[in-house]
Amino acid sequence: KYLIGQYQSFRSSYPEHPNSFEAHLSQALLYAYYLDQKDSAVNSLNKMIANNRVSPNLKAKAKIELGDIYMLKEEPWEATLLYSQVEKTQRETPVGYEAKLRNAKLSYFKGDFLLAQEHLDILKQATSREIANDAIDLSMRIKENTVFDPDGSALKEFASIELLVAQNKSDLALERLTNFTVVRRVKMNREEAIRKNLWSPDKQLSKDQLNDLKKELEKNKESIANNMFNNIISTDSIWVDEIVSTDRLGIKDDVYWLEANLRMKRGEFELANTLLGKILTEFGEDILADDAYFLQGELNERYLKNTEKAMEIYREFLNKFPGSVYAAEARKRYRAMRGDFSEAEGSPKF
């Protein structure tokens, strides 16, 4: 509230200064993300967007932020409309690419992975390395988790949990992560379904009920009725709802990763450390291994204050993942903890 007051004071003193509009944007974001006054933020940003004195680039940034707030308010159609406007008016610019990335994430959250992939394929060529890396990361997650699960049922559940995280509903997100299961419609042999307790004879319609159903449907759609009737009375196999746990899903490492990051945000560092260790134990050769290794080193260095353990992790990291994007940072941190740099100069002792 104090900071909002300072921004307002600056805007009142220098209403024509270009930085006044930057202050306006920052002020609105404080309302949205720190005071949980989303309606105030929406009204403030709409006024800013309607102001002809605001530059097109800053106006586009405001639209992206407004789209994010609409997503927090669970109004995805308003969000995608704003992102699309920025994409159209800011083509081939960093702001335009950022809007396309937000649209891709929104499609991902909604479970529309094909549309998300179309956006991401374009963004892989973005001029901004950060945006391109984010696009590649999300694209690889979609591809990795739909290879053996074509309908993407597990990924849809995971994406819906990520949306909860984006909406700051961390308690609900953690609850669904710790009980991560997917209900999948599968076709199986009747005897197998009975053995797994997924089907029992009392769930089958009686012959009289089937005949009544057939007669009712045959009034207008005889062929459809026959097909439906034949499917219902089929004795070879049946469709059942099977609950699938993460132990049988390829997305388990992503579940560990997301939960570890949430635990860190909540200050539950020991639990986060354990979850990262599970990624390394169970998915040591997978795509998240170097991320988990580096984060585990950072966690021990900065939060658990276990310098020796952090040095050990960074040293092993450099041996196992010399080509990782984190390699240079891991080497610098390892050398700093080893005492290679003087405090006064911040340069190597030699």
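Report on the accompanying structure.

Taken as a whole and judged by the stated rule, the model has 25 salt bridges. Residue aspartate 137 is joined to arginine 141 by a salt bridge in which the shortest nitrogen-to-oxygen separation is 3.8 Å. With a gap of four residues between them, aspartate 137 and arginine 141 both fall in helix α8 (residues 129-144), about one helical turn apart. According to the relative accessible area criterion, aspartate 137 is partly exposed, its value standing at 43%. By relative accessible area, arginine 141 is classed as buried at 14%. In this structure, aspartate 254 engages arginine 141 in a salt bridge whose closest nitrogen and oxygen atoms are separated by 3.8 Å.

This part is about the packing of helix α6 (residues 94-109) against α8. Where α6 meets α8, the closest approach of the two axes is 10 Å, and the angle between their N-to-C directions is 20°. Classified by the angle between their axes, α6 and α8 sit roughly parallel to one another. Crossing handedness for the pair α6 and α8: left-handed. Within the contact between the two elements, α6 uses Pro94, Tyr97, Glu98, Leu101, Lys105 and Tyr108 and α8 uses Ile131, Asp134, Ala135, Leu138, Arg141 and Ile142. Residue composition of the contact of α6 with α8, grouped by class: eight nonpolar, no polar and four charged.

Along an α-helix, residues three or four apart share an orientation, since each turn contains 3.6 residues. Helix length check: helix α9 (residues 153-166) (14 residues) gives 20 Å between terminal C-alpha atoms against 20 Å at 1.5 Å per residue, within 8%. Buried residues of α9: Ser153, Ala154, Leu155, Phe158, Ala159, Ile161, Glu162, Leu164 and Val165, and no others.

Locating proline 322 in the fold gives a position in the loop between α17 (307-320) and α18 (327-338). Here proline 322 falls in the exposed class, since its relative accessible area comes to 55%. Taking the C-alpha atoms as reference points, proline 322 and aspartate 290, 32 residues apart in sequence, are found 9.8 Å from one another. Among residues more than four places away in sequence, those in contact with proline 322 are Phe317 and Ala327.

This paragraph deals with unusual backbone geometry. Of note, the phi angle at aspartate 36 is positive, near 55°, even though the residue is not glycine. One can find aspartate 36 in the loop between α2 (18-33) and α3 (38-50). Using a relative accessible area of 53% as the deciding quantity, one classes aspartate 36 as exposed. Phi angles above zero are rare outside glycine, and lysine 305 is one such case at about 55°.

The rules behind each value
Residues numbered from 1 in each chain as written. Predicted model: local features only at pLDDT ≥ 70, side-chain atom pairs only at ≥ 80, totals over all residues. Heavy atoms only, no water. Salt bridge = Lys/Arg side-chain N within 4 Å of Asp/Glu carboxyl O. Helix = DSSP H or I, 4+ residues; strand = E, 2+ residues; numbered from the N terminus. Buried < 20%, exposed > 50% of the residue type's maximum accessible area, 1.4 Å probe, protein only. Axes fitted to C-alpha atoms, helices over the stretch in contact; angles between N-to-C directions. Parallel < 35°, antiparallel > 145°, perpendicular 65-115°, else oblique. Left-handed = near helix turned anticlockwise from the far one by under 90°. Contact = heavy atoms within 4.5 Å. Nonpolar A, V, L, I, M, F, W, Y, C, P; charged D, E, K, R; others polar. Expected span 1.5 Å × (residues − 1).

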